[in-house]
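# Structure assessment
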Amino acid sequence: MGAYELREPVTWAVPDKPPASRIVYAAAHVVADPLGDNTPGSPAAVDWEATLRFRRHLWSHGLRVADAMDTAQRNMGLDWAATKELIRRSAAEARSYGDPATLVSCGAGTDHAPQAADLNTITAAYAEQIETVQSAGAGVIVMASRQLAKVATGPDDYHQVYGKLFGLADRPVILHWLGEMFDPQLAGYWGSRDVAAATESFLELIHAHPAMVDGVKVSLLDEEHEVRLRAALPEGVKLYTGDDFNYPSLIKSGSHALLGIFDAIAPAAAAALQALDSGDLDRYDEIFTPTVPLSRKIFEAPTYNYKTGIVFLAWLNGHQDAFAMVNGAQSARSLLHLSEVFHLADQAGLLADQELAVRRMKALLAVNGL
């Protein structure tokens with residue numbers, strides 16, 4: 001492993017207002033308690049103060065928070081007991097900044113009912129989580145369900161379940177279409193493994209309930225598909241890009257955003273969005289362009305292990321004291337992968353304190369015999 005010379009440091013200004021031209025969520029990670037038993041299969045032990053401090057960091061940059069999502073390790077170590085506490089605490093913390101229903105939206109799914117084997121049981125599981133989110137005062141993001149993907153026999157089953165969920169919501173919700181690259185157990189969601197057929201089913205559902213859909217969060221890593229889908233949505237229904245490969249062009253062309261990479265690049269994302277608001281597209285591109293190689297590295301296959309790179313950067317930047325994750329997921333990426341993340345983060349100007357980042361990177365290398 002050769003020597004690397006750091007670039008000149010970058011200081012990002014904290015914006016005095018949220019972005020105006022786009023609605024933007026950063027999907028936030030949870031900080032594991034480094035003294036807790038977060039070995040694989042153990043209940044999640046969370047450092048709540050550091051977890052909430054990170055959400056304050058995102059809000060301070062004018063971003064909304066998407067919480068209890070896959071970035072927070074739903075279905076990959078964050079159990080329902082910890083998820084409920086996260087939802088409650090995040091919504092309560094948001095009240096210091098404004099309306100929690102605006103500032104934080106939380107995932108509602110069926111992961112606490114892994115044995116659910118029929119549509120009624122799956123609907124009831126969703127209902128419990130929707131009630132938890134709404135009781136906390138947060139907005140609802142209806143997450144894709146592994147259980148529904150397993151049980152559903154076609155589009156009608158999805159429409160039946162989601163139709164009932166709309167009746168439980170006290171305000172419009174965000175629907176989440178998570179591709180199988182993020183979770184292989186969601187293959188065939190919306191009733192077909194053919195993306196065109198699945199999209200037709202998805203649009204049919206939305207057009208049947210446009211008043212109850214605030215927007216759709218699409219994570220398929222397919223820019224052309226997203227643009228077509230965005231154009232086909234009913235008026236007033238937003239497209240929140242979840243494309244961590246192509247977000248600069250998609251946001252520029254009209255998508256809003258709900259992105260895991262914005263957890264890691266919040267200062268740069270905030271600055272780019274301020275440039276977009278002012279119509280300075282050259283500055284927008286200048287800021288975002290070097291973040292794309294970083295994002296593509298973090299989200300490289302197997303994509304579902306992207307959380308490790310997100311937490312690694314949070315540790316390098318001093319947002320948490322230990323490079324530790326629930327379910328022991330810090331071991332999900334190689335040292336070479338993490339070294340490249342370090343390099344690309346520096347190139348994008350996203351090492352907030354280079355001295356601290358270098359000290360921590362050297363410590364990690366030393367532990368690994370380098």
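Quick caveat: nothing in here was measured; it's all calculated off a predicted structure.

Let us now look at the overall build of the protein. Along its length, the protein carries 16 helices and eight strands. What you see for the protein is a C-alpha radius of gyration of 20 Å, in line with the 21 Å of a compact globule of 370 residues. In terms of its C-alpha atoms, the protein occupies a principal-axis envelope of roughly 55 × 50 × 40 Å. Of all 370 residues assigned to the protein, the portion counted as buried reaches 59%. In the protein, of all internal contacts separated by at least 6 residues, the share reaching a separation of at least 24 is 71%. When the accessible surface of the protein is totalled, it reaches about 14,600 Å², and 51% of it is carbon and sulfur. Put simply, the protein has 30 plus and 45 minus side-chain charges, and the middle of one group is 2 Å from the middle of the other.

In terms of nonpolar packing, the biggest core is built from 120 residues, with Y162, L175, Y189, I261, F262, I265 and F312 touching the most fellow members. Those residues in contact with I265, other than ones at most four positions away along the chain, are Y247, F288, T291, L294 and L350. Listed in part, the nine residues of the second largest apolar core include Y25, M69, I141 and L258.

What follows covers the packing of helix α14 (residues 306-316) against helix α16 (residues 354-367). Running from N to C, α14 and α16 point in directions that differ by 125°, and their axes come no closer than 8 Å. By the criterion of interaxial angle, the relationship of α14 to α16 is oblique. Of α16, the residues touching α14 (which contributes F312, W315 and L316) are L356, A357, R360, M361 and L364. Per-class residue counts for the contact of α14 with α16 are seven nonpolar, no polar and one charged.

Turning to unusual backbone geometry, a few remarks are in order. Between A301 and P302 the backbone carries a cis peptide bond, its omega angle lying at -5°. A positive phi angle is found at L221, which is not glycine, with a value near 55°.

To continue, consider the pattern of salt bridges. Scanning the entire structure with this criterion turns up 14 salt bridges. Note that K238 and D214 form a salt bridge whose closest N and O atoms lie 2.8 Å from each other. Of the two residues, K238 is situated in strand β7 (residues 238-241) and D214 in strand β6 (residues 213-219); the sequence distance between them amounts to 24 residues. For K238, a relative accessible area of 18% gives the class buried. Residues joined in a network through salt bridges with shared partners are E49, R53, R56 and E93.

Of the two faces of strand β4 (residues 139-142), the one lined by G139 and I141 and the one lined by V140 and V142 are each fully buried. One ladder, built from four bridges, connects strand β3 (residues 104-108) with β4; its direction is parallel. Counted as the bridge partner of G107 is I141 from β4. Assessed by its sense of winding, the connection that carries the chain from β3 through helix α4 (residues 119-136) to β4 is right-handed.

What sets the pattern is the α-helix's 3.6 residues per turn: residues three or four places apart point alike. Within the sequence span of helix α12 (residues 281-288), burial applies to Y284, I287 and F288. The arc that holds the buried residues of α12, viewed along the axis, is 85°, so those residues lie on one side. Those residues of α12 that are exposed and angled more than 90 degrees off the buried face are D282 and E286. In the core, the buried residues of α12 are packed alongside α9 (247-253), α10 (261-264), α11 (266-277) and α13 (291-298).

Criteria and thresholds
- Residues numbered from 1 in each chain as written.
- Predicted model: local features only at pLDDT ≥ 70, side-chain atom pairs only at ≥ 80, totals over all residues.
- Heavy atoms only, no water.
- Helix = DSSP H or I, 4+ residues; strand = E, 2+ residues; numbered from the N terminus.
- Rg over C-alpha atoms; globule rule 2.2 N^0.38 Å.
- Buried < 20%, exposed > 50% of the residue type's maximum accessible area, 1.4 Å probe, protein only.
- Contact = heavy atoms within 4.5 Å.
- Areas by Shrake-Rupley, 256 points an atom, 1.4 Å probe, with all protein chains shown as cover.
- Lys, Arg positive; Asp, Glu negative; His and termini not counted.
- Charge placed at Lys NZ, Arg CZ, Asp CG, Glu CD.
- Core = buried A, V, L, I, M, F, W, Y, C linked by side-chain atoms within 4.5 Å.
- Axes fitted to C-alpha atoms, helices over the stretch in contact; angles between N-to-C directions.
- Parallel < 35°, antiparallel > 145°, perpendicular 65-115°, else oblique.
- Nonpolar A, V, L, I, M, F, W, Y, C, P; charged D, E, K, R; others polar.
- Salt bridge = Lys/Arg side-chain N within 4 Å of Asp/Glu carboxyl O.
- Pairing = 2+ DSSP bridges.
- Right-handed = clockwise from strand over helix to strand, strands pointing away.
- Arc of directions from axis to C-beta.

Interpretation in functional terms is not warranted from these geometric data alone.
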